[in-house]
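# Remarks on the overall topology
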Amino acid sequence: MAGHIIVLTTTDTAEGAAELARAAVEARIAACAQIDGPVRSVYWWDGAVQEGSEWRISYKLPAEKYADLEALIKRVHSYDTPEIISADIPRGSAEYLGWLDAATAPR
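So, a few notes on the structure that sits alongside this text.

Here the structure, examined in full by the defined rule, presents four salt bridges. For Glu 26, the salt bridge identified is with Arg 22, shortest N-O distance 3.7 Å. Of this pair, Glu 26 and Arg 22 both sit in helix H1 (residues 14–26), four residues apart, which is roughly one turn of that helix. As far as burial versus exposure is concerned, Glu 26 and Arg 22 are alike and both exposed.

This is the structure:
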């Protein structure tokens, strides 16, 4: 797998979002993680429409690290079924994409 991706997840507290973001960057799985929020989420869960405030974490990383990030999110996340979705980054500056690779390289 080549290239770079953005992975999104959400959680119910700012503290939980910070924990998820920091864990991925400290593990050198993601080069960076940005937290937006609160955002208003409307979703189907437990047989009914639910609403609540959530914080969204956007991770940037080499595509080859996706499985590591998915495993980390599942391990750290407080939700039974956390949102974990990814999108390809089809283009970006060579300098930025090079930084994504360097920031996630083993030391």
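Alright, that's what it looks like, and here's the rest.
Time to look at the layout of surface pockets. Roughly 250 Å³ of volume is contained in the largest pocket. Surrounding the largest pocket, Thr 10, Ser 41, Val 42, Tyr 43, Trp 44, Trp 45, Glu 54, Tyr 79, Asp 80, Thr 81, Pro 82 and Glu 83 form its lining. Here the lining of the largest pocket takes five residues from strand S2 (residues 32–45), the largest share from any one element. Each residue belonging to the lining of the largest pocket can be placed in one class, and the counts come to six nonpolar, three polar and three charged.

To continue, consider the sheet that holds strand S3 (residues 48–62). Here four strands make up an open sheet; going across it, the order is S2-S3-S1-S4 and the pairing antiparallel. In this open sheet, the two strands that pair with only one neighbour each are S2 and strand S4 (85–88). The mean inter-strand angle of the sheet, taken between neighbouring strand axes irrespective of direction, is 30°. Relative to S3, S2 runs antiparallel, the two being bridged by 12 bridges. The residue bridging Asp 36 from the neighbouring strand is Arg 56, located in S3. On top of the sheet, H1 reaches strand S1 (4–11), S2 and S3; it is set at about 25° to S3, its chief contact. Its contacts with the sheet put helix H3 (residues 94–103) on S1, S2 and S3, and the angle it makes with S3 is roughly 95°.

The rules behind these values
- Residues numbered from 1 in each chain as written.
- Predicted model: local features only at pLDDT ≥ 70, side-chain atom pairs only at ≥ 80, totals over all residues.
- Heavy atoms only, no water.
- Salt bridge = Lys/Arg side-chain N within 4 Å of Asp/Glu carboxyl O.
- Helix = DSSP H or I, 4+ residues; strand = E, 2+ residues; numbered from the N terminus.
- Buried < 20%, exposed > 50% of the residue type's maximum accessible area, 1.4 Å probe, protein only.
- 1 Å grid on protein atoms, 1.4 Å probe; cavity = no way out; pocket = protein on both sides within 12 Å on 5 of 7 lines; lining within 4 Å.
- Points joined across faces, edges and corners; volume = space filled by probe spheres on them.
- Nonpolar A, V, L, I, M, F, W, Y, C, P; charged D, E, K, R; others polar.
- Pairing = 2+ DSSP bridges.
- Axes fitted to C-alpha atoms, helices over the stretch in contact; angles between N-to-C directions.
- Contact = heavy atoms within 4.5 Å.

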